[in-house]
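# Topology and contacts: notes
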Amino acid sequence: MRVLVIEDDEELAETVAAGLRQARLAVDVALDGEAGLARALVHDYEVIVLDRDLPVVHGDEVCAKLVAAGGRSRVLMLTGASENEDLIEGLGLGADDYLAKPFAFAVPVARIAALARRAQPSIPPVLERGDIVLDTAKRCAQRAGRPLALRPKEFGVLEVLLAAQGRVVSAEELLERVWDEAVDPFTATVKITISRLRARLGDPPVIQTVARAGYRI
């Protein structure tokens, strides 16, 4: 799952991003509304964590432009205000959820997972195929009842492949959905991660390589 955090408080933004990465999410960070909007219109994020009081382009305007663009990203709006009027106004702008600062860190992680399940096409809370089970809320996976000790990118690749329900997923789509913007698209990153994931899943093999197309389970 790929998330964009748009927050002008750099310390808070990096803290939130670090926690989300620990939860096996790919995270990009933007420190003002203009930079955040530019990233959001280029990349296919499942969830955007959007501070309302942003410099350069206000969070309200960012939210309105995202809605107008018709993207599938879900928006979790952050604000220092907690009055009902602010909640109603934020949701009225097109945000999917609203969270007042300060907050316990576990709260945005849970809400981001819930919002991602509402993305189009919707992602079920538990993904299953054969004897593989992945819980998108608890961020854990198992095969034949055996817990899988997956690295964040391995978990992300498995999540995308399971959600595809047998559809072939290209390496380009995996890069877009699982890695952040720092990845070099010309490396063998996807191929290496697929190889490691296959080893962790064990036998019998379940990830099929489709020549010149991608991968599927």
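Described in the following lines is the structure provided in the data block. (Residues numbered from 1 in each chain as written. Predicted model: local features only at pLDDT ≥ 70, side-chain atom pairs only at ≥ 80, totals over all residues. Heavy atoms only, no water.)

## Section: the nonpolar core
Spelled out, the test is: In plain words, nonpolar cores are sets of buried Ala, Val, Leu, Ile, Met, Phe, Trp, Tyr and Cys residues tied together by side-chain atoms within 4.5 Å. Exposure classes here rest on a 1.4 Å probe applied to the protein chains alone. A residue is buried below 20% of its type maximum, exposed above 50%, and partly exposed in between. A run of H or I in DSSP counts as a helix once it spans at least four residues, and a run of E counts as a strand once it spans at least two, with each numbered from the N terminus. Here, residues are in contact when the closest pair of their heavy atoms is within 4.5 Å.
Within the largest apolar cluster, 25 residues are counted, with the highest numbers of intra-cluster contacts made by Val157, Leu158, Leu161, Leu174, Ile194 and Ile207. Looking at this core, the elements that each hand over two or more residues are β7 (132-135), α6 (152-163), α7 (171-178) and α8 (189-201). Take this core: its biggest share by element is 6 residues, from α6. Not counting residues within four places of it along the chain, the set of residues in contact with Ile194 comprises Val157, Leu161, Leu174, Ile207 and Tyr215. Ranked by size, the runner-up nonpolar core spans 18 residues in total, among them Val3, Ala13, Leu78 and Leu115.

## Focus on the layout of surface pockets
Stated formally: A 1.4 Å probe that fits but cannot get out identifies a cavity on a 1 Å grid over protein atoms alone, an open set with protein on both sides within 12 Å along at least five of seven lines counts as a pocket, and a residue lines either if it has an atom within 4 Å of a point. Grid points are joined across faces, edges and corners, and a volume is the space filled by probe spheres set on the points. Just so you know the grouping, Ala, Val, Leu, Ile, Met, Phe, Trp, Tyr, Cys and Pro go in nonpolar, Asp, Glu, Lys and Arg go in charged, and all remaining residues, Gly too, go in polar.
Here the largest pocket defines a volume of roughly 260 Å³. In terms of lining, the largest pocket is formed by 17 residues, of which the most central are Leu66, Gly70, Gly71, Arg72 and Ser73. Secondary structure elements with two or more residues in the lining of the largest pocket: α2 (33-42), α3 (59-69) and β4 (74-79). Tallied by class, residues from the lining of the largest pocket come to 7 nonpolar, 6 polar and 4 charged.

## Side note on unusual backbone geometry
In this structure, the amide linkage connecting Asp203 to the following residue, Pro204, adopts the cis form with an omega of -5°. Within the fold, Pro204 resides in the loop between α8 and β10 (208-210). Look at Arg212: it is not a glycine, yet its phi comes out positive at around 60°. Tracing the sequence through the fold places Arg212 in the loop between β10 and β11 (214-216). Residue Arg212 is classed as exposed on the basis of its relative accessible area, which comes to 85%.

## Describing the sheet that holds strand β1 (residues 2-6)
Condition: Any two strands with at least two DSSP bridges between them are considered paired. Helix axes are fitted only over the stretch in contact, all axes being lines through C-alpha atoms; the angle between N-to-C directions runs from 0 to 180 degrees.
Pairing within the open sheet is parallel, and its 5 strands lie in the order β2-β1-β3-β4-β5. The open sheet has two free edges, formed respectively by β2 (26-30) and β5 (97-100), since each of these has just one partner strand. On average, adjacent strands in this sheet sit at an angle of 20° to one another, irrespective of strand direction. Relative to strand β3 (residues 47-51), β1 runs parallel, the two being bridged by 4 bridges. Across the sheet, Leu4 pairs through a bridge with Ile48, a residue of β3. Contacting β1 and β2, helix α1 (residues 10-22) crosses the sheet at an angle of about 170° to β2. Strand contacts of α2: β1, β2 and β3, with the helix running at about 160° to β1, the strand carrying the most contacts.

## Some details on the environment of Ala213
Relative to the elements of secondary structure, Ala213 occurs in the loop between β10 and β11. The partly exposed category is assigned to Ala213, whose relative accessible area is 35%. Residues Ala213 and Ser170, spaced 43 residues apart in sequence, show a C-alpha to C-alpha distance of 5.7 Å. Beyond its immediate stretch of four places on either side in the chain, Ala213 contacts Val168, Val169 and Ser170.

## Some thoughts on empty space enclosed by the protein
One pass over the full model with this rule turns up 2 cavities of 30 Å³ or more. Taken as a whole, the second largest cavity encloses approximately 40 Å³ of empty space. Broken down by element, the lining of the second largest cavity gets its largest block of residues, 3 residues, from α6.

## Let's talk about the packing of α6 against α8
The condition that has to hold: Geometric relationships in this document are graded by angle, where less than 35 degrees denotes roughly parallel, more than 145 denotes roughly antiparallel, 65 to 115 denotes roughly perpendicular, and other angles denote oblique.
Where α6 contacts α8, the two axes come as close as 9 Å, and the packing angle between them is 85°. In terms of orientation, α6 and α8 fall into the roughly perpendicular class. Of the residues in α8, those in contact with Lys153, Glu154, Val157, Leu158 and Leu161 of α6 are Thr193, Ile194, Arg196, Leu197, Arg200 and Leu201. Per-class residue counts for the contact of α6 with α8 are 6 nonpolar, 1 polar and 4 charged.

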